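Each chain, letter by letter, is given below.
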Amino acid sequence: MAVEIDTSAFTEEAYELLAELEDSLLELEESPKDQDLIGRVFRAMHTIKGSGAMFGFDAVAEFTHNVETVFDLARNGTIPITKGLIDLTLAARDQIRAMLDAAAGGEEPDQNNASRIIAGLKGLLPGAAPAQAADAAQTTKDSAPASEEGSVHTYRIRFRPKPEIFENGTNPLLLLDEIRQLGETKVVTFLEHLPEIEEINPEKCYTSWEIFLTTDQGENAIQDIFIFVDDQCELNIRMLDRDGEEESVAPDEVPPEKPLGEILVERGDIKRDDLNKVLQPLGERLVDAGLVNKAKVQAALVEQEVGKQKREAKKQQVVAQSVRVPSDKLDQLVDLVGELVTVQARLTQTSAKLNDHDLQLISEEVERLTGELRDNTMSIRMLAIGTTFDKFKRLVRDLSSELGKQIELTTAGAETELDKTVIDQLNDPLVHIIRNSIDHGVESPDGRVEAGKSPVGRIHLSAEHSGANVLIKVTDDGKGLDTEKLISKAIEKGVIPPDSELSEKEAFQLIFAAGFSTAEKVTNVSGRGVGMDVVRRSIEGLRGSIDVQSELGKGTTITLKLPLTLAIIEGLLVKISNEYFVLPLAAVEECVELTRADVTATHGRHVINVRGTIVPYIRIRDHFEITGQPPEVEQIVISEVEEKRVGFVVDDVIGQHQTVIKGLGKTFKNSEEFSGATILGDGTVALILDLQKMVRFVEDLELAESGTTTP
């Protein structure tokens, strides 16, 4: 019976490695001689290739092998890190991701693109025709290494055929003969896998070889010999030296011959620990020399062992600190904690009603434990936003290059944590904002020089905590927003009436109107007026808000204000007749009374004087047409909505409430004034008000009644 292999572990790891690979490549482009970065790129490719082959992703392994081969040469200093190599490797990274997506049911990747990438990479290998490299990679001349035709290299070729290689008629000895025709060779045969004679199958190949070839041919010439058995053998080709380099070394600078042990370690034939065991019987040597007695050697060995055990324990502790858990299990845990919070509220309410001392003690203990469990569970879902920031380095690099601009992306606050759900849904809005900043905000290099700026533009991405929210800012030092142009364009498109008088802040908000764009021409990047309205809807869908600040000629800052989590919030529970509502506590500023005398004094207008400031209010009872007689003294919950103070009139303010957010279901999907619901301790359902949408709805309604349109 065939064993079904769970490939999810590989794909998950591969996606993480691809993300790390992209970061490493972008850093490597800035520091092309950084050996650590080159090593990280090589290891990422090597791991993807090895794990891919293990889990049956043969196409991924085969494709990745080509990139790994090139970076092995870069790691050894044989070829330089160039922009052409970085471009091709980034393209290869995208191709591998497409192949993984296809394996998960996505669209099939473009095989022609894969062929072009491989051709480009092979063009960077020593001995490749420069024209081939330049044509395939579409890179500059310096991306391809100089031709090494005529120079002499020594290669070590490890050739290990699979046992079944005879089945297709291949004779490995003929391949060896072909190699001998390339230059001077020395062949070592390995027979360690040869079984006892009675177990030998004459149709199987048990032999492998190492060939040391000194030739003026490139590596491609060697690979061509094995091209038809590529999938039937393990082949490793490595350049051991370079003739030109040896000649350039002065006679007195010739490095000493490597000891045999070092060569065996480098070849991977033995481990260094094993070598040290053989080469360093130090204790016995010291005792024999009379420099120390046996007891002291024994004590030193014990001390060494203790230190080793301590390091191992620490290592295991570090490993145990990180456990990979599927996100759906975390979602289930959050749901269960939410149910527990609801039950705990019911227990608290019941114990208070019964006035039982013992029950109240139990209730308080359960409340304490539930609170700790809730906080810990919420913290598990928190992720640093830096992972999202890193994705945009590639976006800025590719898009600025496409538009002929020079833009530097800087980030701050990458360690700021947000709920995983928020981070997952934040990517698309940020992509839209950054694309607009690059296309419309930052000027061309010539335009920036004319404006007295550096030719290199800057986009700064930052995140910081602000109470129960996180502020994410996208700042560019481009040309800024022209309010006159915005208003003129809005009037031209009929977004606002011709006689509209908008403040600067209101004018900036026009960029979020559907179909609105000031671009003179539509490009494949932006200009169709689709995007920023989607951004606003997406951010509001996360119960967040968006703000724009801009100065003409100096740049624009777009600020996203987002809640830390979408699962549980602190709310203010209010009551109107027999209906309960929850207002987000983070928006609440204060509560004041509204008497009949106050209403009479303002002649029925929905405003109140709060310590000298006129605050408009919305009567929730009237808005939702709730029947019943309001009390003589009502309550106004004054909140900050889009930087304005707005009151919400209710019958009673119950108090602070730990609100577990539940979806509203299909029945209420069109009710924009509600962002969700919650279940109270007695089982009653309370609706959570979306204050921004509620205010906007009322404003639109009033403008419609007055006969004007809205932006």
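Scroll up to find the structure this text is about.
A brief report on the enclosed structure follows. (Residues numbered from 1 in each chain as written. Predicted model: local features only at pLDDT ≥ 70, side-chain atom pairs only at ≥ 80, totals over all residues. Heavy atoms only, no water.)

### Description of the overall build of the protein chain
Quick reminder of the rule: Working definition: helices are DSSP H or I runs of at least four residues, strands are E runs of at least two. Numbering for both runs from the N terminus. To sort residues, take the accessible area from a 1.4 Å probe on protein chains only and compare it with the maximum for the residue type: under 20% means buried, over 50% means exposed, and anything in between is partly exposed. Only heavy atoms enter the contact rule, under which two residues are in contact if any of them lie within 4.5 Å. The Shrake-Rupley method, run with a 1.4 Å probe, gives the accessible areas here. Residue values count only the displayed protein chains as cover.
Secondary structure summary: the protein chain contains 25 helices and 21 strands in total. Expressed as a percentage of its 711 residues, the buried residues of the protein chain come to 40%. The long-range share in the protein chain, meaning contacts at least 24 apart out of those at least 6 apart in sequence, stands at 67%. For the protein chain, the accessible surface area stands at approximately 40,200 Å², while carbon and sulfur atoms represent 51% of it.

### Description of the pairing of strand 21 (residues 685–689)
Rules: Note on pairing: two strands pair once DSSP finds at least 2 bridges between them.
For strand 21, a buried count of four out of five residues is recorded, marking the element as mostly surrounded by other parts of the structure. Relative to strand 21, strand 20 (residues 674–679) is paired through five bridges, and the arrangement is antiparallel. Among the inter-strand pairings, Ala677 is bridged to a residue of strand 21, identified as Leu687. Remark: five residues form the turn of the hairpin made by strand 20 and strand 21, two consecutive strands paired antiparallel; Gly683 in that turn has positive phi of roughly 90°.

### Thoughts on the environment of Ile423
For Ile423, the position within the fold is in helix 17 (residues 420–424). Here Ile423 falls in the buried class, since its relative accessible area comes to 6%. Put simply, Ile423 and Thr388 are 35 residues apart on the chain and 7.4 Å apart in space, counted from C-alpha to C-alpha. Non-local contacts of Ile423, meaning those with residues more than four positions away in its chain, are made with Leu383, Ala384, Ile385, Thr388 and Leu418.

### Comments concerning the sheet that holds strand 15 (residues 607–610)
The line we're drawing: The angle between two axes is taken between their N-to-C directions and runs from 0 to 180 degrees, where each axis is a line fitted to C-alpha atoms and a helix contributes only its stretch in contact.
As summarised here, the arrangement of the five strands in space is 14-17-18-16-15, forming an open sheet in which the pairing is mixed. Each of the sheet's edge strands pairs with one partner strand only, and the pair in question is strand 14 (588–595) and strand 15. Pairs of neighbouring strands in the sheet enclose a mean axial angle of 35°, with direction left out of account. As paired elements, strand 15 and strand 16 (residues 613–619) share four bridges and run antiparallel to each other. By the bridge assignment, Val607 is partnered in strand 16 with Pro616. Against the sheet, helix 25 (residues 691–705) makes contact with strand 16, strand 17 (633–641) and strand 18 (644–650), and its axis sits at roughly 90° relative to strand 18, the strand it touches most.

### Thoughts on unusual backbone geometry
Excluding glycine, most residues fall at negative phi; most peptide bonds, likewise, are trans. A positive phi angle, close to 55°, is found at Asn355, a residue other than glycine. Examined against the element boundaries, Asn355 turns out to sit in the loop between helix 14 (327–354) and helix 15 (357–380). Taking the relative accessible area as the measure of exposure, Asn355 reaches 61% and is therefore exposed. For Glu625, which is not glycine, the phi torsion reads 55° and is therefore positive. Relative to the elements of secondary structure, Glu625 occurs in the loop between helix 24 (620–623) and strand 17.

### Considerations on the nonpolar core
Generally speaking, soluble globular proteins have nonpolar side chains that are buried together. Our working rule: The term nonpolar core refers to a set of buried residues drawn from Ala, Val, Leu, Ile, Met, Phe, Trp, Tyr and Cys, joined through side-chain atoms within 4.5 Å.
Counting residues in each nonpolar core, the largest one holds 45 residues, and the members touching the most others are Leu426, Ile472 and Leu560. Ranked by residue count, the leading element in this core is helix 16 (residues 386–402), at five residues. Each residue touching Ile472, except ones within four places of it in the same chain, is listed here: Ile385, Leu418, Leu426, Leu430, Ser462, Ala463, Ile558, Thr559, Leu560 and Leu562. In terms of nonpolar packing, the next biggest core, distinct from the first, is built from 38 residues, Val67, Val70, Ile81 and Ala92 among them.

### Digging into the environment of Asp533
Mapped onto the elements of the fold, Asp533 is located in helix 22 (residues 532–541). The exposure class of Asp533 is buried, given its relative accessible area of 12%. Remark: the alpha-carbon pair of Asp533 and Phe516, spanning 17 residues in sequence, is separated by 8.6 Å. Filtering out sequence-adjacent residues up to four positions away, Asp533 remains in contact with Phe512, Ala513 and Ala514.

### Observations regarding the environment of Ala91
Tracing the sequence through the fold places Ala91 in helix 4 (residues 83–103). Note on Ala91: relative accessible area 24%, which makes it partly exposed. The spatial distance from the C-alpha of Ala91 to the C-alpha of Ala114 is 8.8 Å, given a sequence separation of 23 residues. Discounting residues that sit within four places of it in the chain, Ala91 has contacts with Ile117 and Arg394.

### Points about the sheet that holds strand 9 (residues 469–476)
Across the sheet, five strands lie side by side as 6-8-9-11-10; this open sheet has mixed pairing. Strand pairing shows two members of the sheet lacking a second neighbour, strand 6 (406–412) and strand 10 (545–551), which therefore form its edges. Strand-to-strand twist of the sheet, defined as the mean angle between neighbouring strand axes without regard to direction, takes the value 15°. As paired elements, strand 6 and strand 8 (residues 456–466) share seven bridges and run parallel to each other. When the bridges of strand 8 are listed, Thr410 appears paired with His460.

### Some thoughts on a negative patch on the surface
Using the following cut-off: Residues enter a patch when their relative accessible area is above 30% and they make no salt bridge; the linking distance is 9 Å between like charges and 5 Å between nonpolar side chains (Val, Leu, Ile, Met, Phe, Trp, Tyr). Any Lys or Arg side-chain nitrogen found within 4 Å of a carboxyl oxygen on Asp or Glu counts as a salt bridge. We count Lys and Arg on the positive side and Asp and Glu on the negative side, and we leave His and both chain ends out. For this purpose, a charge sits on NZ of Lys, CZ of Arg, CG of Asp or CD of Glu.
The grouping of Asp58, Glu62, Asp230 and Asp231 at the surface amounts to a negative patch. As for its placement among the helices and strands, Asp230 is situated in the loop between helix 8 (219–225) and strand 4 (233–242).

### Observations regarding the side chain of Asp651
Using the following cut-off: Pairs of N or O atoms within 3.5 Å make up the polar contacts considered here, provided that, within protein, one atom can donate a hydrogen while the other can accept it, and that residues adjacent in sequence are counted only when both atoms are side-chain atoms.
With respect to the helices, strands and loops of the structure, Asp651 is situated in the loop between strand 18 and strand 19 (652–660). When its relative accessible area of 7% is taken as the criterion, Asp651 is described as buried. Within the structure, the side chain of Asp651 is placed 2.8 Å from the backbone nitrogen of Ser577, a separation counted as a polar contact. Side chain to side chain, Asp651 and Arg621 meet in a polar contact 2.5 Å long. With residues near it in sequence (within four places) discarded, Asp651 still touches Lys575, Ile576, Ser577, Arg621, Pro630, Pro631, Val633, Glu634 and Gln635.

### Details of the pattern of salt bridges
Applying the stated criterion across every chain yields a total of 35 salt bridges. Measuring nitrogen to oxygen at the nearest pair gives 2.5 Å for the salt bridge that ties Glu365 to Arg368. Of this pair, Glu365 and Arg368 both sit in helix 15, three residues apart, roughly one helical turn. Asp424 is the salt-bridge partner of Lys420, the closest N and O atoms lying 2.8 Å from each other. Of this pair, Lys420 and Asp424 both sit in helix 17, separated by four residues, roughly a single helical turn. Residue classification places Lys420 among the partly exposed residues on the basis of a relative accessible area of 23%.

Shape is all these values report; function is a separate question.
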